[in-house]
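Reading the structure
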Amino acid sequence: MLIIQLVKQIISGIIIRKFLQDFFLYKKTLLIIAVVATFQANGQPPKKRVVMISIDGAPDYLIDKFLRNGILSPNGAFAKMKKQGAYAESVLPVNVASTGPSHISIFTGASPSKTGMVGNSFRKADQSWNSPAITAFRYPIAAETIFQAAMRQGKKVMALGGVGLDNITESRKTDYLHMYPNIVGPSLVIDLIRTDTVITDKKAKSFIKLKAGSKSPSPLLLEISGSFKLPLNIYLSDSALNDANILRPITQIIVDTDSDLSNGYAASVVPENWTEMAIEKNGKQYNTSFRIFKADEILGKYRLFMTAPAEVFGSPFGFLQKIQSACGLWPGEPENRKQTTGLVSEEIWFEQVGRLAKYSRNMILTVMKEDNWDLLFGYFSTLDDVQHRYTLTSPRQLDYKANNGKRPARYAGYIEKWFQTIDNYLLEIINAAPKETNFVIFSDHGMIPAHTCLLLNNYFEQSGFSFSTQEITSTSSGNSAHIYINKEKINNDDFAAYLTRVSQSLKSLKDSTTGELIFELVANQQEQKKYGLYHKDYSGDLFVSCKAGYTISARYQPGVNYLVQNSFDPAMFENQNQATKNFLINGSMNETSPGVHGCLATLREGQSIFYSIGPDVPKRRLKKIFSLQIAATVSELLGIQPPANSEGESVF
């Protein structure tokens, strides 16, 4: 009896397996028939689309942590991609994991040794010693990008921001382009005083002239660096707000760029609102935004903020018009240095962060509705901006014990909130995409808590290697730097010995507080080849990269010690000498901030993310991958050959 039952079960199992095999074969046949039918009906295979989105500065260790502890929703974008798509445990960025070189290597699949982008800033071997450093953001790329490769193979490409995507040359444009705007002038905080001068326009409406206060620049000018200056004529005008069917008078400030109100005005600003302004000059378009900070109607005193003007470019022109019609004008970047000095409050700074993040989301949602695209690139700077200012996790950081030790928790809350915001925005975008869309979500680098800034040129000057007489100089990218020796000052016979002395000095450089060695790597040009960093035209005679906790400044600041504790809070360094205060107040986001990047790929906090989801993406957990594999992966999803200089293979 038992034998009979066993035979029945075996037969039954065989039948079930045969049924399942036939069923899946049937489904596969139907799919093939559907594909063939689509091809026959349209004369072309089914459309494949890929959306690439860069989440600048997103560290994979934080995404993992926030998913584990519920900060990121189990129903959010990252959780959805992790459950239904592919993701990497970690991504090894290129060495010098900073925004410029990292993005360009992701786009090309080529290391800095091929792209020429050996840092965020660097020098060319034959450039004049007195000329400024080169920036990776606006310099020719010596390798083909995924965008160029896609267009070369007949694909339509849309790009919304991105390093190396701009109007410098035709080769840097895509079929449809919204360039990440280029900051071209200073922001302004203007104190204004009501005058007795009244102007009347052609409609007999009256405007009261406002003049600059004693601490504000006069005359008031909107400056486009190196090109032109426009006068800012500012007036007070009567206005009213309909509040529950009751008209309530409110302050209204009028901004114009000429002195004739009869032809209209450029911007009208009311309290608690941002107002954008567009300027067209010499065939170019510039955007800026205004916000009222203070309004005292009794004393007749006002404070007006103008964001840094930026050149905005779109190609073709109708594409830019379409984006601006749907999303408004580009809102500008958060104002970092003015927040450090207190001219811009933390609340206003976060308003700026939020406006830019929302604008980036809206642009992607808007252009995804278009039919004629195969590859779309979008960009969020949000998490990079927030983490630079608010990464506070090391007890050695100057701010760590501030506010009775409560500051780290408050700062952590800010970071968590903006990770949640970006997670929500990504989910909106994924859900709104055409059904044939595959997504590749990545970051360029992670973020490292920093406690000390090394002023490398100050160190040289104080250690017998003269920066001031142009013997030696450095260019920095966060916690890494290239060091260049002036061969006109150090002759060939002495060069090798000089290089050795500099190298040994740097290798023995220690933290004055702990006695630990500061550098993780000090590499000559031959050693740089092992790290994919050596390029004959751009690499320094030496390359250095710090251990976690340190940043490098290439500024030369007399009167400042070569080691300075990082902080953006003037209250934390009020006891320093004036030269040190000035250095910290004017520090850049990757120089004196609590969070930095620009590290070696092996530094855990600097590693980045890779997530992918879509109809052609396998459900897969990947181990460590390389950022150089992203271009090849996008190419495979698009059904094209990867960029010509690509070094990586698809992760699938």
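All figures in this text were calculated on a predicted structure; none of them were measured in a lab. (Residues numbered from 1 in each chain as written. Predicted model: local features only at pLDDT ≥ 70, side-chain atom pairs only at ≥ 80, totals over all residues. Heavy atoms only, no water.)

1. Re unusual backbone geometry
Looking along the chain, the bond that leaves Ser-218 and enters Pro-219 is cis, with omega of 0°. Assignment of secondary structure puts Pro-219 in the loop between β9 (206–212) and β10 (221–224). Here the amide bond leading from Ser-315 into Pro-316 is cis, since omega sits at -10°, within 30 degrees of zero. Turning to its location among the elements, Pro-316 is positioned in the loop between β19 (314–315) and α7 (317–327). Its identity as a non-glycine residue notwithstanding, Asn-403 has a phi of 55°, on the positive side. The residue Asn-403 is located in the loop between α10 (382–390) and α11 (407–432) in this model. In the Ramachandran plot, Gln-470 falls in the positive-phi region, its phi being about 65° despite a non-glycine side chain. For Gln-470, the position within the fold is in the loop between α12 (456–462) and β24 (472–477). The exposure class of Gln-470 is partly exposed, given its relative accessible area of 26%. (Helix = DSSP H or I, 4+ residues; strand = E, 2+ residues; numbered from the N terminus. Buried < 20%, exposed > 50% of the residue type's maximum accessible area, 1.4 Å probe, protein only.)

2. A few points about the packing of helix α9 (residues 346–367) against α10
Where α9 meets α10, the closest approach of the two axes is 9 Å, and the angle between their N-to-C directions is 160°. With respect to α10, the element α9 is oriented roughly antiparallel. Along its contact with α9, which presents Glu-346, Trp-349, Phe-350, Val-353 and Ala-357, the element α10 presents Thr-382, Asp-385, Val-386, Arg-389 and Tyr-390. Residue classes in the contact of α9 with α10 are distributed as six nonpolar, one polar and three charged. (Axes fitted to C-alpha atoms, helices over the stretch in contact; angles between N-to-C directions. Parallel < 35°, antiparallel > 145°, perpendicular 65-115°, else oblique. Contact = heavy atoms within 4.5 Å. Nonpolar A, V, L, I, M, F, W, Y, C, P; charged D, E, K, R; others polar.)

3. Regarding helix α16 (residues 630–638)
Burial analysis of α16 places eight of its nine residues in the buried class, which makes it a mostly covered element. Looking at α16, one finds that the buried residues are Ile-630, Ala-631, Ala-632, Thr-633, Val-634, Ser-635, Leu-637 and Leu-638. Within two residues after α16, Gly-639 carries a phi angle of roughly 80°, on the positive side.

4. With respect to the pairing of β10
Here β10 shows a clear split, with Leu-222 and Ile-224 buried on one side and none of Leu-221 and Glu-223 buried on the other. In this structure, the hairpin formed by β10 and strand β11 (residues 228–231) is closed by a connection of three residues, where Gly-226 is found at a positive phi of approximately 75°. (Pairing = 2+ DSSP bridges.)

5. Description of the packing of aromatic side chains
This structure, assessed with the given rule, holds 32 aromatic pairs. The interplanar angle of 55° and the centroid separation of 5.4 Å between the aromatic rings of Tyr-176 and Phe-319 together place this pair among those described as tilted. With Tyr-176 in strand β6 (residues 176–178) and Phe-319 in helix α7, the pair connects residues that are 143 residues apart, well separated along the chain. Taking the relative accessible area as the measure of exposure, Phe-319 reaches 6% and is therefore buried. (Phe/Tyr/Trp six-rings, centres within 6.5 Å; stacked < 30°, edge-to-face > 60°.)

6. Some details on empty space enclosed by the protein
In this structure the tally under the stated criterion is one cavity of 30 Å³ or more. Here the largest cavity is characterised by a volume of approximately 90 Å³. Every residue along the wall of the largest cavity is listed here: Leu-160, Gly-161, His-178, Met-179, Tyr-180, Pro-181, Trp-330, Leu-356, Tyr-359, Ser-360, Met-363 and Tyr-379. Here the lining of the largest cavity gets four residues from one element, more than from any other, and that element is α9. (1 Å grid on protein atoms, 1.4 Å probe; cavity = no way out; pocket = protein on both sides within 12 Å on 5 of 7 lines; lining within 4 Å. Points joined across faces, edges and corners; volume = space filled by probe spheres on them.)

7. Notes on the packing of helix α2 (residues 60–68) against α11
Between α2 and α11, the least distance of the axes is 12 Å, while the angle of their chain directions is 85°. The pairing of α2 with α11 is recorded here as roughly perpendicular in orientation. On α11, the residues that touch Leu-62, Ile-63 and Phe-66 of α2 are Ile-415, Glu-416 and Phe-419. Its residues placed into classes, the contact of α2 with α11 shows five nonpolar, no polar and one charged.

8. Quick word on the pairing of strand β31 (residues 610–613)
Alternating residues of β31 divide into Phe-610 and Ser-612 and Tyr-611 and Ile-613, and every residue in both groups is buried. Where strand β2 (residues 86–92) lies against β31, two bridges are found, and the strand directions are antiparallel. When the bridges of β31 are listed, Tyr-87 appears paired with Tyr-611. Sheet analysis places strand β21 (residues 437–442) next to β31, joined by four bridges and oriented antiparallel. Counted as the bridge partner of Val-440 is Ser-612 from β31.

9. Side note on the layout of surface pockets
Here the largest pocket defines a volume of roughly 1,700 Å³. The wall of the largest pocket is formed by 46 residues, among which Asn-120, Phe-137, Ile-183, Glu-333 and Ser-588 lie closest to the centre. Elements with a contribution of two residues or more to the lining of the largest pocket: α4 (99–108), β7 (182–183), α8 (336–341), α10, β24 and β28 (550–553). Considered class by class, the residues forming the lining of the largest pocket number 13 nonpolar, 23 polar and 10 charged.

10. Considering the sheet that holds strand β26 (residues 519–524)
On the basis of which strands lie adjacent, the open sheet formed by four strands has the order β24-β25-β27-β26 and antiparallel pairing. Of all strands in the sheet, those with a lone pairing partner are β24 and β26, marking the two edges. Looking at each pair of strands side by side, their axes are set apart by 20° on average, direction ignored. Inspection of the sheet shows β26 paired to strand β27 (residues 542–546) by five bridges, in the antiparallel sense. Note that in β27 the partner of Val-522 across the bridge is Val-544.

11. A look at the pattern of salt bridges
Within the structure shown, the criterion is met by 25 salt bridges. Between Lys-82 and Asp-64 there is a salt bridge, with the nearest N and O atoms lying 3.8 Å from each other. You can see Lys-82 sitting in helix α3 (residues 77–84) and its partner Asp-64 sitting in helix α2, a full 18 residues away along the chain. Classification of Lys-82 by relative accessible area gives partly exposed; the value is 28%. With a shortest N-O distance of 3.0 Å, Arg-555 and Glu-591 are connected by a salt bridge. Note that Arg-555 is positioned in the loop between β28 and β29 (563–565) and Glu-591 in the loop between α15 (578–585) and β30 (595–596), a separation of 36 residues in sequence. One salt-bridge network, in which partners are shared between bridges, spans Glu-89, Arg-621 and Lys-623. (Salt bridge = Lys/Arg side-chain N within 4 Å of Asp/Glu carboxyl O.)

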